[in-house]
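Observations on the model geometry
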Amino acid sequence: MKILIKNIKELVQVETAPRPKVSGKEMSELNTVKNAWLSIIDGKIDDFGSMDSWDGVEDWSDLEVIDASGKMVFPCWCDSHTHLVFAGSREGEFTDRINGLSYEEIANRGGGILNSAKKLQETSEIDLFQQATARLKEITKTGTGAVEIKSGYGLSLDAELKILRVIKNLKEESDLEIKATFLGAHAVPPEYKEDRKGYIDLITKEMLPIIQEEKLANYIDVFCEKNYFSVEEMETILEAGAAHGLKPKVHVNQFTSIGGIKAAVNYEAISVDHLEIMKELDIRALKGAETMATLLPSCSFFLSIPYAPARSMIDNGLAVALASDYNPGSTPSGNMPFVISLACIKQRMTPEEAINAATINSAYAMEISNTHGSIAKGKVANVFITDPIPSYAYLPYSFGKNVVEAVILKGKLQQ
Ligand code: NIG
Ligand code: FE
């Protein structure tokens, strides 16, 4: 199968010498080709260039030609942090928060993560698979082509494995590129309230060996936060994860700064995610590290909590990625264009920085930046075509609107 997209008003995020990620000042550069063409063969990006240097198709049989006059082409977003395998929804808690309860108060009443865990434990694997498939379809429509999905709403051996098996099936069935993260340490379930060590032992001694045996996860995550897991507990879990072949991608600094970033960097975390509350020493811990700082502005929007200080992080030379955090409690949305709008509007990231953060850097945060996250020869053909738009900055500017007209995943036009 071959696709030629011609007369592209602007082909965005092109690379002739692909880089694994972009940091600091480099984030403000976004390479594009105006009046461009892009060819796709067998699911891969074959070539691209300017229409001025294109002399027509020669002997391409089985070729679909798309005329993109007035439209732009982007690499699909890589959403490197989601929890999109979950059961049902939590709009009751949403209303409780409007009426004055805090996220913490709701969690202390047995709501929050524990509420979702209870629902998920009662939901069948097939039902979960169908709900998650619908969400994958939904995020594809706004241009997502790769997604990381966490467990963490199971909190028992059976339910955590159930989620990871659903993710494994999604990997097999979906055209999206999917990575799986084991987040058994999302919250301590009620039956272990007085025996935290017992739950950590369940994670490290019972869950991890099966996960390794069945190859159910790529990464390990811990919600390192006051009232959830301490830095020391996270270290114990990351140590066990490493022994079972899982690299860390962790939740840190969402509500408090307790030293999780430095510890995660020491454990060579692929990414540290959230970072709403950052102290000077947290930024220092990330300087020069290989760990990606992943920001989730739609979580800040939904919970009305501070936004991660993206501006000072980038000005300090850090690499920043953007992801949705799609989950039922803090971000019931996987809309990456909205995430990018928020990054620009609330975090003062420029459109160039935000687009880099949601493509090449978020690809890095799921270890796929050699195959995804930019338009480069030989990379996987995950691209989207926009409606006619005046410029790429129009995408974050026109917040709440979906300018994605068509999506191609692995070289296949999605319906
Ligand atoms: O990433 N912070 C931890 N976990 C999720 C939200 C959990 C929930 O409220 O269900 C997050 O925001
Ligand atoms: Fe999360």
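Counting starts from 1 at the beginning of each chain's written sequence and moves along it residue by residue. Lettering for chains starts from A, numbering for ligands starts from 1, and both go in the order in which the items are written. For a predicted model such as this one, the threshold for reporting local features is a pLDDT of at least 70, and the threshold for listing and counting side-chain atom pairs is 80 or more; totals across whole chains, interfaces and linings nevertheless cover every residue. Think of the side-chain values as coming from all heavy atoms in the structure, minus any hydrogens and water.

Observations concerning the overall build of the chain
Across its full length, the chain carries 15 helices and 16 strands. Counting only C-alpha atoms and orienting by the principal axes, one finds that the chain spans roughly 70 × 45 × 45 Å. By definition, residues are in contact when any of their heavy atoms lie within 4.5 Å. If you take every contact in the chain between residues at least 6 apart in sequence, the share linking residues at least 24 apart comes to 75%. A helix here means a DSSP run of H or I that spans at least four residues, while a strand means a run of E at least two residues long, and both kinds are numbered starting from the N terminus.

Brief notes about the sheet that holds strand 7 (residues 144-150)
Strand-to-strand pairing in sheets goes through backbone hydrogen bonds, with the strands running parallel or antiparallel. Read from one edge of the open sheet, eight strands run 6-7-8-9-10-11-12-13, paired in parallel fashion. At either end of the open sheet lies a strand with only one pairing partner, and these are strand 6 (77-82) and strand 13 (320-322). Between one strand and the next, the sheet's axes are offset by a mean angle of 25°, whatever the strand orientation. Across the face of the sheet, helix 7 (residues 231-243) comes into contact with strand 8 (177-185), strand 9 (219-224) and strand 10 (247-252) while running at roughly 175° to strand 9. Any two strands are treated as partners once DSSP identifies two or more bridges connecting them. All axes are obtained by fitting lines to C-alpha atoms, using only the stretch in contact for helices, and the reported angles, taken between N-to-C directions, cover 0 to 180 degrees.

Description of the packing of helix 12 (residues 336-347) against helix 13 (residues 351-358)
Where helix 12 contacts helix 13, the two axes come as close as 9 Å, and the packing angle between them is 140°. With respect to helix 13, the axis of helix 12 lies oblique. Classified by chirality, the crossing of helix 13 by helix 12 is right-handed. Packed against helix 12, whose contacting residues are Met336, Ile340, Ala343 and Cys344, the element helix 13 presents Pro351, Ala354 and Ala358 at the interface. Should an angle fall under 35 degrees it is taken as roughly parallel, and over 145 as roughly antiparallel, whereas 65 to 115 is taken as roughly perpendicular and any remaining angle as oblique. Left-handed is the label given to a crossing in which the near helix is rotated counterclockwise from the far helix by less than a right angle, and right-handed is the label when the rotation is clockwise.

Here's the deal with the coordination of the iron ion (ligand 2)
Each pair of donors in an ideal four-coordinate tetrahedral metal site encloses 109.5 degrees, whereas pairs in an ideal six-coordinate octahedral site enclose 90 or 180 degrees. Taken together, the protein donors to the iron ion (ligand 2) comprise His81 (NE2), His83 (NE2), His251 (NE2) and Asp325 (OD), at separations of 2.1 to 2.2 Å. In primary sequence terms, the donor set of the iron ion (ligand 2) follows H-x1-H-x167-H-x73-D. His83 shares its class with His81; the two are buried. In this description, a donor is an N, O or S atom within 2.8 Å of the metal centre, a cutoff extended to 3.2 Å for sodium, potassium and calcium. Water is not part of the atom list, which can make sites seem incomplete. Summary of the burial criterion: residues with accessible area below 20% of their type's maximum are buried, those above 50% are exposed, and those between are partly exposed, where the area comes from a 1.4 Å probe applied to protein chains only.

Some thoughts on the site of ligand 1
Neighbouring residues are identified by heavy atoms, a residue being near a molecule or strand if any of them is within 4 Å of it. What surrounds ligand 1 is a group of 15 residues, the closest being Tyr103, Tyr153, His186, Gln254 and Ser330. N or O atoms within 3.5 Å of each other form a polar contact, as long as, within protein, one can give a hydrogen and the other can take it, and as long as residues adjacent in sequence are counted only when both atoms are side-chain atoms. Take Arg90: an N or O atom from its side chain is 2.8 Å from an oxygen atom of ligand 1. Within the side chain of Tyr153, one N or O atom sits 2.5 Å away from an oxygen atom of ligand 1. Methods summary: accessible areas were calculated by the Shrake-Rupley approach with a probe of 1.4 Å, and residue burial reflects only the protein chains presented. Here ligand 1, which alone exposes 330 Å², has 100% of that area covered by the protein.

In short, geometric facts, not functional conclusions.
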